Amino acid sequence: MRMLATIAVLLVVSTSVTPRGQVPDSSKFRVVDLSHAYGPSTVFWPTAETKFKLEKLASGKTPAGYFYSANTFCTPEHGGTHLDAPVHFSEKGRTADQVPLEQLVAQAVVIDVTARANADRDYRATRDDVLQFEKAHGMIAKGTIVLLRTGWSRHWPNAKAYLGDDTPGDASKLSFPSYGVDAARLLVEERGVAALGVDTASIDYGRSTDFDVHRIAAARNVPGFENLTNLDLLPSRGALVVALPMKIEGGSGGPLRAIAILP
Ligand SMILES: [Zn+2]
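(A) Broad picture of the coordination of the zinc ion. The protein atoms that coordinate the zinc ion are His 78 (ND1), His 82 (NE2), Asp 84 (OD) and Glu 226 (OE), at distances of 1.8 to 2.5 Å. Counting gaps between the donor residues of the zinc ion yields the pattern H-x3-H-x1-D-x141-E. Here His 78 is found in the loop between strand 3 (67-74) and strand 4 (82-84), whereas its partner Glu 226 is found in strand 10 (residues 224-226), with 148 residues between them in sequence. Each member of the pair His 78 and Glu 226 is classed as buried.

See the structure below:
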């Protein structure tokens, strides 16, 4: 009897959560890849002691006659298209495995500062850039994933052009655009956004030494998505972003496969 009641409850719950006919029709939307591939040319922070490594374990015909291949890989958490978990810059912040899915799967807005970044490679998006965006496209709702488009992914994987300097072991001469402090405060503290993404190597601009934007975001458990690509293919609003990082227990970040679903 108890079991029947349980089944009845489950049926009610499942039918109300996924009513028939509401499975999205994949022929009616387009999917855009927002991630770079991991490989030998993946760009890492100049001070990273190791990069992405893929080692072959097997590749070829087995004694039984079928083909089989498998590899092992090793990578720093912060390189390529990756997640910055809040704990990256906040001791009590969430780790990679603890970031709620609601902050990884959400409606996105794309703030385009390409022209300004082209004129000044140390450009930091301002509060006014956000307000101008809102004037044109409406207020940014709580829980939105914000993507800052600087156009920088066109330099990938040329580390010197992308980071401004590629001297190994030296991060003191980096130069690339990103969020400014006042824009980050507005988005994180006033708008309550889900995440901050960018098509450069960091949610702080290259010349930053105190990583203020990282700290502002981390303090509110807002994750960062870095080294994104193809932001030029997204509308200013209306895309659904699905940004799923490798679920590393206790991780401060990790490789991120991000996509956008467009109607
Ligand atoms: Zn990072």
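From this point on, the discussion continues.
(B) Spotlight on the side chain of Ser 178. Turning to its location among the elements, Ser 178 is positioned in strand 8 (residues 178-179). On the basis of relative accessible area, Ser 178 is assigned to the buried category, the value being 1%. Among the polar contacts made by the side chain of Ser 178, one reaches the main-chain carbonyl oxygen of Ile 203 at a distance of 3.1 Å.

(C) Structural view of the packing of aromatic side chains. Applying the stated criterion across every chain, the model contains 5 aromatic pairs. Seen in terms of ring centroids, Tyr 38 and Phe 52 are 5.3 Å apart; in terms of plane orientation they differ by 50°. Their pairing is tilted. Residue Tyr 38 is found in the loop between strand 1 (30-33) and strand 2 (53-61), and its partner Phe 52 is found in the loop between strand 1 and strand 2; the two are separated by 14 residues along the sequence. Sitting over the face of the ring of Tyr 205, Arg 124 holds its NZ or CZ atom 4.2 Å from the ring centroid.

(D) Focus on the pattern of salt bridges. Summed over all chains, the structure comprises 10 salt bridges. Its salt-bridge partner being Asp 122, residue Arg 207 comes within 3.6 Å of it at the nearest N-O pair. Taken together, the residues Arg 207 in the loop between strand 9 (195-198) and helix 6 (212-219) and Asp 122 in the loop between helix 2 (114-119) and strand 6 (124-125) connect sequence positions 85 residues apart. Here Glu 190 ties to Arg 127 by a salt bridge, and the two come within 3.0 Å at their closest N and O atoms. One end of the pair, Glu 190, is in helix 5 (residues 181-191); the other, Arg 127, is in helix 3 (residues 127-137), and 63 residues separate them in sequence. Among the residues examined, Arg 127 registers a relative accessible area of 31% and is labelled partly exposed.

Reading the values: the criteria
- Residues numbered from 1 in each chain as written.
- Predicted model: local features only at pLDDT ≥ 70, side-chain atom pairs only at ≥ 80, totals over all residues.
- Heavy atoms only, no water.
- Donors = N, O, S within 2.8 Å, 3.2 Å for Na, K, Ca; no water.
- Helix = DSSP H or I, 4+ residues; strand = E, 2+ residues; numbered from the N terminus.
- Buried < 20%, exposed > 50% of the residue type's maximum accessible area, 1.4 Å probe, protein only.
- Polar contact = N/O pair within 3.5 Å; in protein donor to acceptor, adjacent residues only side chain to side chain.
- Phe/Tyr/Trp six-rings, centres within 6.5 Å; stacked < 30°, edge-to-face > 60°.
- Lys NZ or Arg CZ within 6 Å of the ring centre and 35° of its normal.
- Salt bridge = Lys/Arg side-chain N within 4 Å of Asp/Glu carboxyl O.

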